[in-house]
Amino acid sequence: MNRTTVSLIAGTAALAAVTGFATLSSPEAAGTARTAAELPVERTSLLCPSPSTSDIAQTSYTSFTPVTKGAGSGGKAELQAAGEVSGGKSKTTGKGKGKGKKAAKPVLEPQEPGKPATGDTSGGDAPALVGTAEGKFAPGWTVQETTVVAAGSGRGLQGVNCSAPDTEFWFPGASTAADRTDYVHLTNPDDSAAVVDIELYGKDGALDSTLGEGITVAPHSSDPILLSTLTQEKQENLTVHVNVRSGRVGAAVQALDDKLGGDWLAASTDPSGSLVLPGIPKDATAVRLVAFAPGESDADLKVQLASPSGLITPAGNETLHVKAGMTASADLGDVTRGEAGSLVLTPTDSSVPVVAALRVVRGKGADQETAFIPATRPVGTRATVADNSTKGSTLSLTAPRRGATVKVTASAGSEGGEAVSKTFTLKAGTTQNVEAPTPTGLKGSYALTVEHVSGGPVYGARTLAATKDGVPGFTIQTLPDDRGMVAVPNADEDLSVLQK
């Protein structure tokens, strides 16, 4: 075998273990991929947006890493203000070279995998956070940011899973309507500036705007971009496309409504032929579907609800036509009608990719609150959601195509308790709000980890509900695969096919 090829393969294996992104996808290398070793990732980065500008906001952070076989015994994890990090290390502050005081203490410093760590901030000056986990803390690391705002625009419960930096994001479900104040938060974790384009697409196509082109995000900083400053058009349903020209960023949309509260809109999964939007609360009073086809072809979507008894078609909303380059929407009303549900979108032409999200409203009158459910990846091998409590947490799981079995583990509590696991079987085409286990002797909050055991793909979401000063609030986070393991080629495999 060519020695250059061997060296390249070895380097790829090492990079895969660190980043979790390297894969073997060539059809010619299929045999190699089947026998590739699965190794835990060795380093993970997560970015948390600045939580709120409200002076009465209270924000908590919960970090959790599942115990992963083969992850080793060393490593650490921490969350720090974006401006306090440089080159992966803490900065010092003050004047004079080599002088100055130490940077502020990290918001979070987990002590061990398998046990959540918590931190909190208050007021409207909380910064965006940059997180790094190494060694045993890296595989499956998840951080939840939860904010309670008692009054004002966006009041209620706002939650978001801190996300990995990337180069492209899609956000169907944003708005520039008069009663909405939507920001795209861009966080740059690196030592060099990132250059970002923000494109807006409404019901008639791309909105005229040059202000979203070439936005520079300085190193180790975060910029909230108000959507209404990028266009003069007022549109209720928009799709936001964040495209990074150079560098990488974390991105999330904060959607604040004057009357319906607010929440974070996480990015939809990559454009795909079929999409699943899991975990619609059974008491939802209004559900709106927003979809976008980024290619050159229109999409005709078959709309189905995976209910506890199977797939059903919502009356009056059997299909949704999405014109290429235009945002389409459909008001589904109280589509779940008191039962657990997930939306399943299937195009008549599977080669036409789409992105989608749901806006979900609960409550009535002045007590209404909003949350969002983006289309998401399946649970895959394993997925985790943090910041659960004995009251107010609902785990929803759906198997849209084939029956499946999963194991759900409730971790130890952040202040005490022991982990407990339970197995669930899901019938094909159904959604269940499962009775997830609770840690024995629980003190504090805990994480829920879902592991795929057998059967078809499973999708999941967690609803977190709480009442503050008499105002009910809720937030929903999906459970995509944590990508804590990565396939790398074995050193003794015959990889001669890669020399072609």
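The paragraphs below set out a description of the structure included in this document. Computed from a predicted structure; not experimentally measured. (Residues numbered from 1 in each chain as written. Predicted model: local features only at pLDDT ≥ 70, side-chain atom pairs only at ≥ 80, totals over all residues. Heavy atoms only, no water.)

On to the side chain of T376, then. In this structure, T376 sits in the loop between β30 (369-374) and β31 (382-388). Its relative accessible area of 9% is what places T376 among the buried residues. Among the polar contacts listed, one links the side chain of T376 to the side chain of T478, at a separation of 3.4 Å. If we ignore the near neighbours within four places in the chain, the residues touching T376 are T269, V276, P278, Y459, T478 and P480. (Helix = DSSP H or I, 4+ residues; strand = E, 2+ residues; numbered from the N terminus. Buried < 20%, exposed > 50% of the residue type's maximum accessible area, 1.4 Å probe, protein only. Polar contact = N/O pair within 3.5 Å; in protein donor to acceptor, adjacent residues only side chain to side chain. Contact = heavy atoms within 4.5 Å.)

Scanning all chains against the criterion turns up three aromatic pairs. Connected via pairs of aromatic rings, a cluster forms that spans W170, Y201 and F292. The cationic tip of R362 hangs over the ring face of F474; the distance from NZ or CZ to the ring centre is 4.9 Å. (Phe/Tyr/Trp six-rings, centres within 6.5 Å; stacked < 30°, edge-to-face > 60°. Lys NZ or Arg CZ within 6 Å of the ring centre and 35° of its normal.)

Residue position: H241 is located in strand β19 (residues 238-246). At 2.7 Å, the side chain of H241 and the side chain of E168 are in polar contact. Those residues in contact with H241, other than ones at most four positions away along the chain, are E168, F169, W170, D197, I198, E199 and Y201.

Once their charged atoms are close, side chains differing in charge can pair, the charge on each being opposite to the other. The tally for this structure, following the rule as stated, stands at ten salt bridges. Connected via shared salt-bridge partners are E236, R288 and D331. (Salt bridge = Lys/Arg side-chain N within 4 Å of Asp/Glu carboxyl O.)

Here the focus is the pairing of β19. Two elements, strand β13 (residues 168-174) and β19, share six bridges in a ladder whose sense is antiparallel. By the bridge assignment for β19, P172 is matched with T239. Two elements, strand β15 (residues 194-202) and β19, share seven bridges in a ladder whose sense is antiparallel. Following the sheet pairing, I198 is matched in β19 by V242. (Pairing = 2+ DSSP bridges.)

On the basis of which strands lie adjacent, the open sheet formed by four strands has the order β9-β3-β11-β12 and antiparallel pairing. For this open sheet the edge positions go to β9 (117-122) and β12 (156-161), each flanked by a neighbour on one side alone. Taking each pair of neighbouring strands and ignoring which way they run, the sheet shows an average axis angle of 15°. Here strand β11 (residues 142-149) pairs with β12 via six bridges, running antiparallel. Paired with E145 across the strands is V160, a residue of β12. (Axes fitted to C-alpha atoms, helices over the stretch in contact; angles between N-to-C directions.)

Strands sit in the order β2-β10-β4 across an open sheet of three strands; the sheet is antiparallel. Pairing within the sheet leaves two strands with one partner each, and these edge strands are β2 (43-48) and β4 (77-81). Averaged over neighbouring strand pairs, the angle between their axes works out to 15° when direction is ignored. As defined by bridge partners, β4 adjoins strand β10 (residues 129-134) across five bridges and the pair is classed as antiparallel. By the bridge assignment for β10, Q80 is matched with V130.

By definition, a disulfide links two cysteine residues through a covalent bond between their sulfur atoms. Applying the stated criterion to the full structure yields one disulfide. Paired through a disulfide, C48 and C162 show a sulfur-sulfur distance of 2.0 Å. As the torsion about the S-S bond is roughly 110°, the C48-C162 disulfide counts as right-handed. Of this pair, C48 sits in strand β2 while C162 sits in the loop between β12 and β13, placing them 114 residues apart in sequence. (Disulfide = S-S within 2.5 Å.)

Take the pairing of strand β28 (residues 341-347) next. Burial runs high along β28: six of the seven residues are buried. Relative to β28, strand β22 (residues 275-280) runs antiparallel, the two sharing four bridges. Bridge pairing in β28 places I280 opposite G341. Bridge count between strand β24 (residues 299-307) and β28: six bridges; the pairing is antiparallel. Its bridge partner being in β28, L301 is matched across the sheet by P347.

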